[in-house]
Amino acid sequence: MKSVKQRKVNLKIVRDLRHIYNGKCQLCVINPSENFGVDILESPHIEYFSKSQNSNSDNILLTCPDCHNILYKLNPIFNDETLSYVFKKGNILALQENKTIITAQQERPQTRMKTGSMVFLVA
Ligand SMILES: [Zn+2]
C-alpha cells in the first residue's frame, strides 16, 4: 500500500470551504467541477501545520492543484495584510476570493511574516 504523508484537515472544514467558495480556487478562481466535471480542489495550510498546529478554516485555503503546486514548489510568503503570496522573485499572487481568512489588522498575530529578507510592514 502506498503511503502518503499528509496533514489531516477536518473534512467538515473542507466541505464548508467548498460550499463557501462555490467550488472555486481562491487564487485563480477556476472551478474544476464546473469546467471539467471533476472536483479536484485541494486544501493547503497557509502557515505550515508543522509550525502553526492550526487546521482551522482561517489557516486553510481552497485551491486548484496548479495553484497548490506553485505554493508547494516555490514556498512564497503569505502577507497577512494584503492577503497575498509574495514570491522570492517579487511576483505576487493575491487571493481572489476570501471570506474566511482573517487579515493581520483583524487581530491575527503576524507569525506568518517571519521571513529572511522581505519586509512587508512599514513602521
Ligand atoms: Zn488555482
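Residues numbered from 1 in each chain as written. Predicted model: local features only at pLDDT ≥ 70, side-chain atom pairs only at ≥ 80, totals over all residues. Heavy atoms only, no water.

Chemist: What exactly am I supposed to notice about the overall build of the protein here?
Modeler: A count of helices and strands for the protein gives 4 helices and 3 strands. Its helices and strands in sequence order give the protein the pattern α-α-α-α-β-β-β, from N to C terminus. Within the protein, the fraction of its 123 residues that count as buried is 40%. Approximately 8,200 Å² of the protein is accessible, and the part contributed by carbon and sulfur atoms is 52%. (Helix = DSSP H or I, 4+ residues; strand = E, 2+ residues; numbered from the N terminus. Buried < 20%, exposed > 50% of the residue type's maximum accessible area, 1.4 Å probe, protein only. Areas by Shrake-Rupley, 256 points an atom, 1.4 Å probe, with all protein chains shown as cover.)

Chemist: When you look at the coordination of the zinc ion in this model, what are you seeing that I'm missing?
Modeler: Under perfect tetrahedral coordination by four donors, a metal shows angles of 109.5 degrees; under perfect octahedral coordination by six donors, it shows angles of 90 or 180 degrees. Here the zinc ion is held by Cys25 (SG), Cys28 (SG), Cys64 (SG) and Cys67 (SG), and the distances to it run 2.3 Å. One can describe the site at the zinc ion as tetrahedral: its 4 donor atoms subtend angles covering 105 to 118 degrees at the metal. (Donors = N, O, S within 2.8 Å, 3.2 Å for Na, K, Ca; no water. Tetrahedral: all angles 85-135°; square planar, octahedral: opposite > 155°, others 65-115°.)

Chemist: Can you help me understand the packing of aromatic side chains in this one?
Modeler: Aromatic rings considered in pairs are described by the distance between their centres and by the relative angle of their planes. Counted under the stated rule, the structure contains 1 aromatic pair. With centroids separated by 4.9 Å and ring planes inclined at 65 degrees, the aromatic side chains of Phe78 and Tyr85 adopt a geometry described as edge-to-face. Exposure remark for Phe78: the relative accessible area of 3% places this residue in the buried category. (Phe/Tyr/Trp six-rings, centres within 6.5 Å; stacked < 30°, edge-to-face > 60°.)

Chemist: Would you take a moment to explain the nonpolar core for this structure?
Modeler: One recurring pattern in soluble globular proteins: nonpolar side chains tend to sit buried together. Membership of the largest hydrophobic core comes to 21 residues, with the highest contact counts inside it found for Leu27, Leu61, Phe78, Tyr85, Leu95 and Ile101. Elements that contribute at least two residues to this core include exactly α1 (11–20) and α4 (65–74). Counting residues per element, this core draws most heavily on α1, at 3 residues. Leave out the neighbours within four places in its chain, and Leu27 touches Thr63, Cys67, Leu71, Tyr85, Leu93, Ala94, Leu95 and Gln96. (Core = buried A, V, L, I, M, F, W, Y, C linked by side-chain atoms within 4.5 Å. Contact = heavy atoms within 4.5 Å.)

Chemist: I'm lost on the side chain of Glu97 in this one. Help?
Modeler: Within the secondary structure, Glu97 is located in the segment after β3 (92–94). Here Glu97 occupies a buried position and makes no salt bridge, while the nearest side chain of opposite charge, Lys24, is found at 4.1 Å. Contacts of Glu97, omitting those with residues within four sequence positions, involve Tyr21, Lys24, Gln26 and Val29. (Lys, Arg positive; Asp, Glu negative; His and termini not counted. Salt bridge = Lys/Arg side-chain N within 4 Å of Asp/Glu carboxyl O.)

Chemist: What's the story with the confidence of the model for the protein in this structure? I'm lost.
Modeler: Detailed reading of the predicted model is not advised wherever pLDDT is low. Overall, the prediction assigns the protein a mean pLDDT of 84, with 80% of residues at 70 or greater. Considering only residues more than four positions removed or in separate chains, one finds that residues 110–123, a stretch of pLDDT under 50, has 29 contacts. (pLDDT = per-residue confidence, 0-100.)

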